[in-house]
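Below are the chains, spelled out letter by letter.
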Amino acid sequence: MRASEASLHHADQSAEPAEATSALQMITEEETDWIERSLTGNSAAFASLVKRYQQEVAAQMWRFSRDRNIHEELVQDVFVEVYRSLGSFRFESPLLHWMRKIAVRVGYRYWKAKDRKKEKVSLSQITYDSTEATSDQPKSAEEAGNLLHAMLEQLPPRDRMILTLIYWEEHTVEEAAEVTGWSQSLVKVQAFRARKKLKLLLQEQGTT
Amino acid sequence: MNTNTPQYQPDVDLDQLLTGLARRARGETAPKVDVTAAVLHRLETEEEVEIFSFSDRVWWYSTAGSLVAAGIAMMIGYQSWFELTDPAFEMLQAVQVALR
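Residues numbered from 1 in each chain as written. Chains lettered and ligands numbered in written order. Predicted model: local features only at pLDDT ≥ 70, side-chain atom pairs only at ≥ 80, totals over all residues.

### A closer look at the overall build of chain B
So, point 1. A tally of helices and strands in chain B yields three helices and zero strands.
So, point 2. In chain B, the succession of α and β elements from N to C terminus is α-α-α. (Helix = DSSP H or I, 4+ residues; strand = E, 2+ residues; numbered from the N terminus.)

### A closer look at the overall build of chain A
So, point 1. Helix and strand counts for chain A come out as 11 helices and zero strands.
So, point 2. Listed by position from the N terminus, the elements making up chain A come as α-α-α-α-α-α-α-α-α-α-α.
So, point 3. Within chain A, buried positions represent 34% of all 208 residues.
So, point 4. Considering only intrachain contacts with a sequence separation of at least 6, the fraction spanning at least 24 residues in chain A is 62%. (Buried ≥ 20, exposed ≤ 12 C-beta atoms within 10 Å, placed from the backbone. Contact = placed C-beta atoms within 7 Å.)

### Section: the packing of helix 9 (residues 157-168) of chain A against helix 1 (residues 14-25) of chain B
So, point 1. Where helix 9 of chain A meets helix 1 of chain B, the axes come as close as 9 Å, and the angle between the chain directions of the two elements is 70 degrees. Here helix 9 of chain A lies roughly perpendicular to helix 1 of chain B, going by the angle between them. On the side of helix 9 of chain A, the interface is formed by Leu163, Tyr167 and Trp168 of chain A, while helix 1 of chain B contributes Leu18, Thr19, Ala22 and Ala25 of chain B.
So, point 2. Tallied by class, the residues present in the contact of helix 9 of chain A with helix 1 of chain B amount to six nonpolar, one polar and no charged. (Axes fitted to C-alpha atoms, helices over the stretch in contact; angles between N-to-C directions. Parallel < 35°, antiparallel > 145°, perpendicular 65-115°, else oblique. Nonpolar A, V, L, I, M, F, W, Y, C, P; charged D, E, K, R; others polar.)

### Re the nonpolar core
So, point 1. In this structure, Met61, Val75, Val78, Leu148 and Ile162 of chain A are the most contacted members of the largest nonpolar core, which totals 51 residues.
So, point 2. When residues of this core are traced back to their parent elements, those giving at least two are helix 4 (43-61), helix 5 (68-85), helix 6 (95-117), helix 8 (141-153), helix 9, helix 10 (173-180) and helix 11 (184-207) of chain A together with helix 1 of chain B.
So, point 3. Discounting residues that sit within four places of it in the chain, Val78 of chain A has contacts with Val57, Met61, Met99, Ile102, Ala103 and Val106 of chain A. (Core = buried A, V, L, I, M, F, W, Y, C linked by C-beta atoms within 7 Å.)

### Things to note about the packing of helix 6 of chain A against helix 9 of chain A
All names here are of chain A.
So, point 1. One can describe the packing of helix 6 onto helix 9 by two numbers: an axis separation of 9 Å at closest approach and a directional angle of 145 degrees. The crossing of helix 6 and helix 9 is right-handed. For the pair formed by helix 6 and helix 9, the contact residues are Tyr108, Trp111, Lys112 and Asp115 on the first element and Pro157, Arg160 and Met161 on the second.
So, point 2. Split by residue class, the contact of helix 6 with helix 9 holds four nonpolar, no polar and three charged. (Left-handed = near helix turned anticlockwise from the far one by under 90°.)

### Section: helix 10 of chain A
All names here are of chain A.
So, point 1. Taken as a whole, helix 10 has its buried residues at Val173, Glu175, Ala176, Val179 and Thr180. Along the axis of helix 10, the buried positions cluster into a sector of 160 degrees, meaning they face one direction only.
So, point 2. Note on helix 10: the residue one or two positions beyond its end, Gly181, has a positive phi of about 85 degrees. (Arc of directions from axis to C-beta.)

Structure follows, in structure tokens:
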């Protein structure tokens, strides 16, 4: 993924060519071979593909669930979906890039299902200090991850997804639009609303 | 100070807060997973289920279809088409009259 600034303002700008080159490492011959053999039903080839990318996918899915069992299940879901969609892969973009899109869809589906069941953790169960988060004081990556996850979990799936894509995954508006299938203006509006909603939620919970 | 109470400062820029947290969170390590065997097992199982449900569906449809076809054949054997449809036509006419 691109290492640009996570804010929407920065994300709004187009990607730098150098970054794009490093991120868009093209599909290797080995991967092409794995895909082609997987399409013919060769499970060993697909197993190689899973082994190659499972940690990258696991890192992404950790943003969707902090429950280890659910997390592992989500990683599995992504690869099952990848297998089913392999025939539609056009070899025009890096395989991981394509897999990440599928992972976002799988994660979003999980959030929607979870939202229907209303399983949410209250932010009051987590200790946090917003001034600390923005200061230069070191906060462990795990703590920051847990806090960000808990904050975004307060939001409905659509809002949560857009903020996750823009801040956590550092997507530009263009990329977020591509992943979600929304227009760029809808992405901007959704992100604006989501931030507003989150700010209100934090203020409400901060004063209780 | 109660450390269990969230301490969101309204004056803190949310964009800055999210950017800062996300930057740090990106350094976290996700749990290691090895889903290879589980994924292959799921794919195999789902394939079997699909084959089973397809054959299952075919069996039910063919049975139901045969029964319906047999029923129609029996009715046609005993009554003419006019005899079959006439009571229904009469009933419709009665409804029409009642509505008027």
